[in-house]
Amino acid sequence: MSELLKSIDARTKLAGTNKLEILLFSLGEDRRTGRRETYGINVFKVREVMRTPPITVAPDMPPAVEGMVSLRGILVPVVDLAKYAGVDSDARRDIMIVTEYNGHTQGFLVEAVDSILRLDWSMMRVPPDMLTAQMGGLVTAVTELEDGRLIMMMDVEKVLAETSHSDDDDIHFKSIAPLEKPGVTVFFCDDSSVARKQISRTLDAMGVKYVSANNGRQMWEELEKAADYAKATGQSPSDVVSLVLTDIEMPEMDGYILTKKIKSDPRFASVPVIMHSSLSGMSNQSLGLSVGVDEYVPKFEAQRLSEILRRRLTERFPAEV
């Protein structure tokens with residue numbers, strides 16, 4: 001398994017080319033369906049893969065959280081992904097995927113890891129509504145392999161939020177002051193339903209209007225609509241679109257490609273683009289700056305996000321809008 005994840009740092013060169021690499025894993029055969037599904041997680045979020053160490057069970061742990069393990073002196077919560085995803089399997093979860101994102105480290109128990117798959121984000125499709133409803137929004141993208149297997153990308157941000165209740169803390173939103181610029185509109189995109197909810201709550205607290213999308217392709221379509229509206233009403237597109245906030249990893253079009261399209265289009269030349277991602281490594285930030293991102297903010301810090309949005313929007317529109 002160490003060979004499987006060797007040279008992960010070098011994989012950063014894929015970012016910005018609308019490509020990604022995902023670690024494939026299984027959760028065991030579901031007794032209800034008789035199927036063993038294959039799931040995926042972005043390699044950028046994987047710190048290591050290891051045999052499951054002894055787990056210390058603590059009282060009052062959230063559902064699906066098996067307990068904690070000590071990794072090099074750091075206590076890491078361990079989530080049984082099969083339990084969380086509702087997979088009824090008695091398969092042994094001998095493998096733990098250690099992930100790091102949103103400033104948190106956690107272990108995911110799985111039945112087995114398969115391989116690392118390199119593909120283009122354009123091959124990742126938005127899941128059908130039926131699958132989204134069945135999985136409770138847990139799957140953010142789906143792709144089909146040559147052998148006919150469907151690979152489902154898990155929304156690991158949703159797992160973190162619901163097992164740690166990190167999205168329920170109202171105090172972070174109550175301390176956000178209104179912007180008092182009713183004319184501004186922020187366009188934002190993220191494939192995670194949890195992230196979209198958090199961003200919406202931040203903008204609502206600021207009293208800022210917004211347009212949201214589930215991925216970069218949908219966001220670009222919204223920007224095109226905004227440009228058409230601006231032309232029809234005799235306005236500049238850069239006045240209709242006050243700011244764009246984008247995630248990095250999204251199906252069909254990632255945040256790097258979206259930023260390139262925005263920054264190379266004269267209609268949106270003065271529109272600031274803020275990259276908002278759980279991929280908070282310096283290499284990801286540097287690549288974002290190289291494609292024209294104006295600023296980078298890691299997920300998810302409501303107060304920090306609101307401060308950056310407030311500063312950028314005030315700089316663009318110093319007078320009342």
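What comes next is a walk through the structure. (Residues numbered from 1 in each chain as written. Predicted model: local features only at pLDDT ≥ 70, side-chain atom pairs only at ≥ 80, totals over all residues. Heavy atoms only, no water.)

### Some words on the overall build of the protein
A tally of regular secondary structure across the protein gives ten helices and 15 strands. Looking at the 321 residues of the protein, the share that counts as buried comes to 55%. Of the contacts made within the protein by residues no fewer than 6 positions apart, 66% connect residues no fewer than 24 positions apart. Just so you have it, the protein exposes about 14500 Å², and 51% of that area is on carbon and sulfur atoms. (Helix = DSSP H or I, 4+ residues; strand = E, 2+ residues; numbered from the N terminus. Buried < 20%, exposed > 50% of the residue type's maximum accessible area, 1.4 Å probe, protein only. Contact = heavy atoms within 4.5 Å. Areas by Shrake-Rupley, 256 points an atom, 1.4 Å probe, with all protein chains shown as cover.)

### What about the sheet that holds strand 4 (residues 65–71)?
Taken together, the five strands give an open sheet; going across it, the order is 3-6-7-5-4, and neighbouring strands pair in mixed fashion. Here the strands that pair on one side only, and so sit at the sheet edges, are strand 3 (46–51) and strand 4. Taking the axes of each pair of neighbouring strands and ignoring which way they run, one obtains an average angle of 30° across the sheet. (Pairing = 2+ DSSP bridges. Axes fitted to C-alpha atoms, helices over the stretch in contact; angles between N-to-C directions.)

### Remarks on unusual backbone geometry
Not every positive phi belongs to a glycine, and Arg-72 is a case in point at roughly 50°. Within the secondary structure, Arg-72 is located in the loop between strand 4 and strand 5 (74–80).

### What about helix 8 (residues 255–263)?
Taken as a whole, helix 8 has its buried residues at Gly-255, Tyr-256, Leu-258, Thr-259 and Ile-262. Relative to the axis of helix 8, the buried residues are bounded by an arc of 160° and lie together on one face. Where helix 8 starts, the residue carrying a side-chain oxygen 3.2 Å from the main-chain nitrogen of Tyr-256 turns out to be Asp-254. (Arc of directions from axis to C-beta. Polar contact = N/O pair within 3.5 Å; in protein donor to acceptor, adjacent residues only side chain to side chain.)

### Overview of the packing of aromatic side chains
For the structure on display, the rule yields three aromatic pairs. Pairing Phe-188 with Tyr-210 gives two aromatic rings, centres 5.6 Å apart and planes at 50°, and the pair type is tilted. On the criterion of sequence distance, the pair formed by Phe-188 in strand 11 (residues 185–189) and Tyr-210 in strand 12 (residues 209–213) is long-range, its members being 22 residues apart. When its relative accessible area of 0% is taken as the criterion, Phe-188 is described as buried. Here the aromatic rings of Trp-220 and Phe-268 are separated by 6.0 Å at their centres, their planes lie at 75°, and the arrangement is edge-to-face. Of this pair, Trp-220 sits in helix 6 (residues 216–232) while Phe-268 is found in the loop between helix 8 and strand 14 (273–277), placing the two residues 48 residues apart along the sequence. Per residue, the accessibility class of Trp-220 equals that of Phe-268, and both read buried. Against the face of Trp-220 rests Lys-261, its NZ or CZ located 4.7 Å from the ring centre. (Phe/Tyr/Trp six-rings, centres within 6.5 Å; stacked < 30°, edge-to-face > 60°. Lys NZ or Arg CZ within 6 Å of the ring centre and 35° of its normal.)

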